Amino acid sequence: MTALKFGVIGMSEGNGHPYSWSAIFNGYDADAMRDCPFPAIPEYLARRRFPGDAIAGAHVTEVWAEDRGQAEHIARAAKIDRVVDDFREMIGRVDGVLLARDDAENHARFAAPFLEAGVPVYIDKPLALSVAAALELLARQKFPGQIFTCSALRYAREFELSEGAKRELGVIRFVQGTVPKDWDRYAIHVIEPALNVLGRQGAIVESDGFHAGDVHVANIVWESGVIATFSALGKTAAPIALRFVGTLGHRDMVFADSFSAFKSALMAFVKSVTERRAQIPPDVVLDAVAVIEAGRKAH
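Residues numbered from 1 in each chain as written. Predicted model: local features only at pLDDT ≥ 70, side-chain atom pairs only at ≥ 80, totals over all residues. Heavy atoms only, no water.

A. Here's a closer look at the sheet that holds strand β8 (residues 204–212). Read from one edge to the other, the open sheet built from six strands follows the order β8-β9-β10-β7-β11-β12, with strand pairing classed as mixed. The open sheet has two edge strands, β8 and β12 (250–254), and neither has a second partner. Taking the axes of each pair of neighbouring strands and ignoring which way they run, one obtains an average angle of 10° across the sheet. The pairing of β8 with strand β9 (residues 215–222) spans eight bridges and is classified as antiparallel. Directly across from S207, in β9, lies its bridge partner I220. Its contacts with the sheet put helix α9 (residues 188–198) on β7 (172–179), β9, β10 (227–232) and β11 (241–246), and the angle it makes with β7 is roughly 155°. Contacts from helix α11 (residues 282–297) reach β8, β9 and β10 within the one sheet, and its direction differs from that of β9 by about 125°. (Pairing = 2+ DSSP bridges. Helix = DSSP H or I, 4+ residues; strand = E, 2+ residues; numbered from the N terminus. Axes fitted to C-alpha atoms, helices over the stretch in contact; angles between N-to-C directions. Contact = heavy atoms within 4.5 Å.)

B. Main features of the nonpolar core. Counting residues in hydrophobic clusters, the biggest one holds 106 residues, and the most contacted among them are F230 and F244. The element contributing the most residues to this core is helix α10 (residues 258–275), with nine residues. Each residue touching F230, except ones within four places of it in the same chain, is listed here: G177, W183, V190, I191, A194, H216, V217, A218, I220, W222 and V291. (Core = buried A, V, L, I, M, F, W, Y, C linked by side-chain atoms within 4.5 Å. Buried < 20%, exposed > 50% of the residue type's maximum accessible area, 1.4 Å probe, protein only.)

C. Summary view of the packing of aromatic side chains. Evaluated as defined, the whole model comprises 13 aromatic pairs. A centroid spacing of 5.5 Å and a plane angle of 85° characterise the contact between Y28 and F50, whose relative ring orientation is edge-to-face. Pair noted here: Y28 is in the loop between α1 (17–26) and α2 (30–33) and F50 is in the loop between α3 (40–46) and β2 (58–65), with a separation of 22 residues, a long-range link. Classification of Y28 as buried rests on a relative accessible area of 19%. Ring-pair connections join several aromatic residues into one group, and the members of that group are F6, W21, F25, Y122, F148 and F269. (Phe/Tyr/Trp six-rings, centres within 6.5 Å; stacked < 30°, edge-to-face > 60°.)

D. Local environment of the pairing of β2. Most of β2 is tucked away: seven of the eight residues are buried. As paired elements, strand β1 (residues 4–10) and β2 share seven bridges and run parallel to each other. Across the sheet, the residue bridging to G10 is A65, located in β2. Alignment of β2 against strand β3 (residues 82–83), held across two bridges, turns out to be parallel. When the bridges of β3 are listed, V63 appears paired with V83. Following the chain from β2 across helix α4 (residues 68–77) to the adjacent parallel β3, one finds a crossover that is right-handed. (Right-handed = clockwise from strand over helix to strand, strands pointing away.)

E. Representation of the pairing of β12 within the structure. As paired strands, β11 and β12 are joined by five bridges and run antiparallel to one another. Directly across from L242, in β12, lies its bridge partner M253.

F. Just α11, in detail. Over its 16 residues, α11 runs 23 Å from end to end, which matches the ideal 22 Å to within 8%, given 1.5 Å per residue. For α11, the set of buried residues is V285, L286, D287, A288, V289, V291, I292, A294 and G295. (Expected span 1.5 Å × (residues − 1).)

G. Structural detail: the environment of E13. Mapped onto the secondary structure, E13 falls in the loop between β1 and α1. For E13 and R88, which are 75 residues apart along the polypeptide, the C-alpha to C-alpha distance reads 21 Å. Setting aside residues up to four positions removed in sequence, E13 forms contacts with D102 and R185.

H. Local environment of the environment of L129. Tracing the backbone shows L129 in the loop between β5 (121–124) and α6 (131–138). In this structure, the C-alpha to C-alpha distance between L129 and E105, residues 24 residues apart in sequence, is 7.7 Å. Those residues in contact with L129 that sit more than four places away from it in its chain are A104, D184, V289, I292, E293 and R296.

I. Structural detail: α10. With 18 residues, α10 should cover 26 Å at 1.5 Å per step; its first-to-last C-alpha distance of 26 Å lies within 8% of that length. Within α10, burial applies to F259, S260, A261, F262, K263, A265, L266, A268, F269, V270, S272 and V273. The distance from a side-chain oxygen at the start of α10 to the backbone nitrogen of F259 is 3.4 Å, and the residue carrying that oxygen is D257. (Polar contact = N/O pair within 3.5 Å; in protein donor to acceptor, adjacent residues only side chain to side chain.)

Written as structure tokens, this is what we have:
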């Protein structure tokens, strides 16, 4: 079977996914990747063996970034053949696009030409900052599942809770999640894995929170009665962590393995492209966006 061809779109401030995602498909040039502006990426790539740890059956063949020099460096580091001057040039040459930017306010701008052309798009987290904006993007799909979007941490092994572990917790009543950096881009990393464990909880019936400097805390109550507190702790060296508290006990989880989570999410995108069907139900995506939106309104 012919390998799928993907294009990658970058960069947004502080987001190294054009480097890491492309390398997970293509392998990488160690010398060029050493100069990647995100030191954690060459560090965790070096712990893997390529090509064995790469995703088979797909290859990133084209890259675009607003800074041509940055795009050329991504291409060298992640062995991408072509740098394009206009991201729309990829249409007709690729089977899917990795929109590897987490500035949600720009997602529609970059995704729209590909959606109109029927090209599957992996839109980096979060899809949007409001349910209305998310619905508008989803409505542009030419077929169900044309948009694949998630925090890769929904696939993190560290955030899996087995049926046995759930029984040990009893009925989950409270969830606490922490992330470093800002609410808009990083809270999704605990919101989505939390919802993945909890399942759908109905509408948000109450929300509040506060800002203190660069710290943003939001409290959420769902129709089910489950309560969550999600905190984005700014420049604090906070872990990406979840605590589930049930009627019989609690469980603490800390995220550690970026490579495996990214690889699992990218493999799910490959599956969505080959099967042309949604891997994550739209309602589940919207549930996570609803929490982001509620948290943005909390003061």
